[in-house]
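# Remarks on the overall topology
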Amino acid sequence: MEHDLVVFVPGFLGTRLHRDGLDVWARCSERLIDSTASALTEVTLPPGLGDAPPDGPFQLDADGLLQVPDSVPGLLSCMGYPSIRAALGDPPDAQFVPFGYDWRLSHRLVARQLKARVARELERWHAEVDAYYPDRPDDPRVILVCHATGGLIGRHYLECENGRETARTLVTLGTPQQGLVQAARVLAGEAVPGDAGPGADVAARMNEALRDWAITLPSVAEMLPVYRAVRVGGKSRERQITDSRSRVPGLPVDAIRAAGDFQEEFHTACDEHRGAGPLPYTVHCLGSVDFPTPQALVLSSDRSRIVDSLLGTGDGTVPHESAVADWTGTDPMMWTGFRNADLASGSALRDTMLAIRAGRSPGGTLAGGEGIVLRFPRNPVAAGQPFVIELLGQDLLRRNLRSYVWRSGRPDKRPVVFRQYEPDRYRAELEVATGRWVVEASVDRPKSRDRRDVTVVTV
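We now turn to the structure provided with this report.

Conventions we followed
- Each chain has its residues counted from 1, following the order in which its sequence is written.
- It should be noted that, the model being predicted, local features are given only for residues of pLDDT at least 70 and side-chain atom pairs only at 80 or more, the latter also being counted only at that level, while totals for whole chains, interfaces and linings use all residues.
- Hydrogens and water are ignored here; the side-chain numbers use all heavy atoms of the structure.
- Two strands qualify as a pair provided that DSSP identifies no fewer than 2 bridges between them.
- Put simply, DSSP H or I for four residues or longer makes a helix, DSSP E for two residues or longer makes a strand, and each gets a number counted from the N terminus.
- Should any heavy atoms of two residues lie within 4.5 Å, those residues are counted as being in contact.
- Think of a salt bridge as a Lys or Arg side-chain nitrogen and an Asp or Glu carboxyl oxygen that are within 4 Å of each other.
- Each residue's exposure class comes from its accessible area (1.4 Å probe, protein chains only) as a fraction of the maximum for that residue type: buried when under 20%, exposed when over 50%, partly exposed otherwise.
- One less than the residue count of a helix, multiplied by 1.5 Å, gives the span that helix is expected to have.
- Axis definition: a line fitted to C-alpha atoms, over the contacting stretch in the case of helices. Angles run 0 to 180 degrees between N-to-C directions.
- Joining through side-chain atoms within 4.5 Å is the link that ties buried Ala, Val, Leu, Ile, Met, Phe, Trp, Tyr and Cys residues into a set, and such a set is a nonpolar core.
- For this text, the term disulfide refers to a pair of cysteine sulfurs within 2.5 Å.

### Observations concerning the sheet that holds strand β22 (residues 435-443)
Spatially, β16-β23-β22-β18-β19 is the arrangement adopted by the five strands of the open sheet, whose pairing is mixed. Strands at the two margins of the open sheet, each flanked by one partner only, are β16 (381-382) and β19 (414-415). Two strands pair when backbone bridges link them, and β16 and strand β23 (residues 448-457) are joined in this way by two bridges, in the parallel orientation. Following the sheet pairing, Val381 is matched in β23 by Val456.

Put into structure tokens, the structure is as follows:
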């Protein structure tokens, strides 16, 4: 309802991590782009941390939401949240709580932190709400809006930390309800394919740095897929990563166990609560099936190595199989035309939030970036070497096609010229310096947009 407290939980990468006023993650991310083998040492965690908070040199301060695009090659991207309050329907400052946290940590631990923060903020808002909504029909509760992996935190808080007692609505935006196959690639040391643009040597250095870092992060282990996400070459169906017949080489057994335990704890709590009746809060889940999305790992026929990723439909990050929130006992899905990284943008979210806050149903299908899809080469690519990007869509040249490229965090944009080479298919060639870049294309009649980031590394 309009008078409820609005709490926003960002996803992985969505909060800046600082120490002594310096953005530590940003500094380490730049080192990774420069192909430095020890790039991520400063943001690792101690082995076996589990659900405990780090201390000493491992502790970082979570200081504000991410404002510019960022990504971990081979895992996921976040476009930042520069206008998230507007996307949430412009609640007053006193009514809006952006919940920043250390996204390296266990989702269980962060759910407990969220519980403490919501309790404080809701008590404060109860004392202040009369000044804003004197004619409200009841006492304020919580509207919890969670982007990407933030939804794993939000749902755990609700079902495992008694958050259901204070919530009115949960909104998830591209949450991997059953995990991400990309997490398995990172933890197995295969985040960047050897045939990616930078070449096998650079890919090997990046994979080593990413695995050594990710293997210490409880959050990444808890992202592992619990649906059937592994196919062995020559076989016709997928199996789970726990199946001994499809064990992923290099994937730590402890990480597999942690993912299973995390999901089992949540679903056990849901089952126990289901005996008491339906959910006391409503759930709306925004997702997409418009983009090619990693769905499963493909192993060699002898199961000795990862040879490819099997693509399916999804939001570019989360496949359809993992997007559906079947734990609700209802059909909460609202399908959009937006990528995962853009689901927290105003164009994807604002109308939905205005309806929810007004107590109306937001509907099951939302308008989005239908009919326009950017396709990139394997990411990352090498600095100083041209690479081709593709754009797919109908009659784009007649629909006022506009396309730009810019470096993340920089204001200057330069045009990208696409040329048609087949019906409804267009190509452009780019060559850019080392860094993280964003390409955006948009058209009119009807309006749609797609944007993606690409990491350009030193070779």
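### Overview of the environment of Gly393
Along the polypeptide, Gly393 turns up in strand β17 (residues 387-393). For the pair Gly393 and Met353, spaced 40 residues apart in sequence, the C-alpha separation works out to 29 Å. Dropping the residues within four chain positions of it, Gly393 is found in contact with Gly371, Asp424 and Tyr426.

### Some points on the pattern of salt bridges
In total, this model carries 32 salt bridges according to the counting rule given. One salt bridge connects Arg31 with Glu42, and the closest N-O pair in it is separated by 3.3 Å. Within this pair, whereas Arg31 is found in helix α1 (residues 24-33), its partner Glu42 is found in the loop between α1 and β4 (61-65), the two being separated by 11 residues in sequence. Judged by relative accessible area, which is 25%, Glu42 ranks as partly exposed. Notably, a salt bridge pairs Glu238 with Arg231, separated by 2.5 Å at the nearest N-O pair. Salt bridges linked by common partners bring Arg19, Arg27, Arg31 and Glu42 together as one network.

### Looking at the pairing of strand β12 (residues 291-299)
Among the nine residues of β12, eight are classified as buried, and the element is accordingly described as predominantly covered. With three bridges joining them, strand β10 (residues 230-232) and β12 adopt parallel strand pairing. Looking at the pairing, Val232 lines up with Leu299 of β12. Counting the residues between successive antiparallel strands, the hairpin from β12 to strand β13 (residues 306-314) contains six residues, one of them, Arg303, with a positive phi of roughly 65 degrees.

### Looking at helix α8 (residues 253-274)
A rise of 1.5 Å per residue sets the reference length of α8, with its 22 residues, at 32 Å; its end C-alpha atoms lie 31 Å apart and thus fit the reference within 8%. Looking at the packing, one finds that the buried side of α8 touches α3 (107-128), α4 (150-160), α5 (181-187) and α7 (218-221).

### Some thoughts on the sheet that holds β17
Pairing is antiparallel in the open sheet, where four strands are placed in the order β15-β17-β21-β20. Whereas interior strands pair on both sides, the edge strands pair on one side only; in this sheet they are β15 (372-375) and β20 (419-422). Looking at each pair of strands side by side, their axes are set apart by 30 degrees on average, direction ignored. Both β17 and strand β21 (residues 425-430) contribute to a ladder of six bridges, which runs antiparallel. Within β21, the position partnered with Leu392 by the bridge is Arg425.

### Quick notes on helix α10 (residues 346-357)
For α10, the complete set of buried residues consists of Ala348, Leu349, Thr352, Met353, Ala355, Ile356 and Arg357. In this structure, the buried residues of α10 make contact with β1 (5-9), α2 (84-87), β8 (142-147), β9 (167-173), β11 (282-288) and β14 (333-336).

### Details of unusual backbone geometry
A cis amide bond links Arg445 to the next residue, Pro446, at an omega of -5 degrees. Along the polypeptide, Pro446 turns up in the loop between β22 and β23. Despite not being glycine, Ala148 shows a phi value in the positive range, around 55 degrees. Relative to the elements of secondary structure, Ala148 occurs in the loop between β8 and α4.

### Remarks on the nonpolar core
With 111 residues, the main nonpolar core has Val7, Phe12, Ile84, Leu144, Trp213 and Leu224 as its most contacted residues. With sequence-adjacent residues up to four places away left out, Val7 is seen in contact with Val97, Phe99, Leu114, Val118, Val142, Ile143, Leu144 and Val145. In this structure, Ile389, Phe418, Ala441 and Val443 belong to the second largest nonpolar core, which totals 22 residues.

### Some details on the side chain of Ser442
When you line up the elements, Ser442 lands in strand β22. Aside from chain neighbours lying at most four places away, what touches Ser442 is Ile372, Asn400, Leu401, Arg402, Ser448 and Arg449.

### With respect to the state of the cysteines
If you walk through the whole model with that rule in mind, you get zero disulfides. We note that Cys270 lacks a disulfide partner, and the nearest cysteine sulfur, in Cys160, lies 6.9 Å from it. Classification of Cys270 by relative accessible area gives buried; the value is 4%. We note that Cys285 lacks a disulfide partner, and the nearest cysteine sulfur, in Cys146, lies 9.9 Å from it. Residue class for Cys285 comes out buried when judged on its relative accessible area of 1%.

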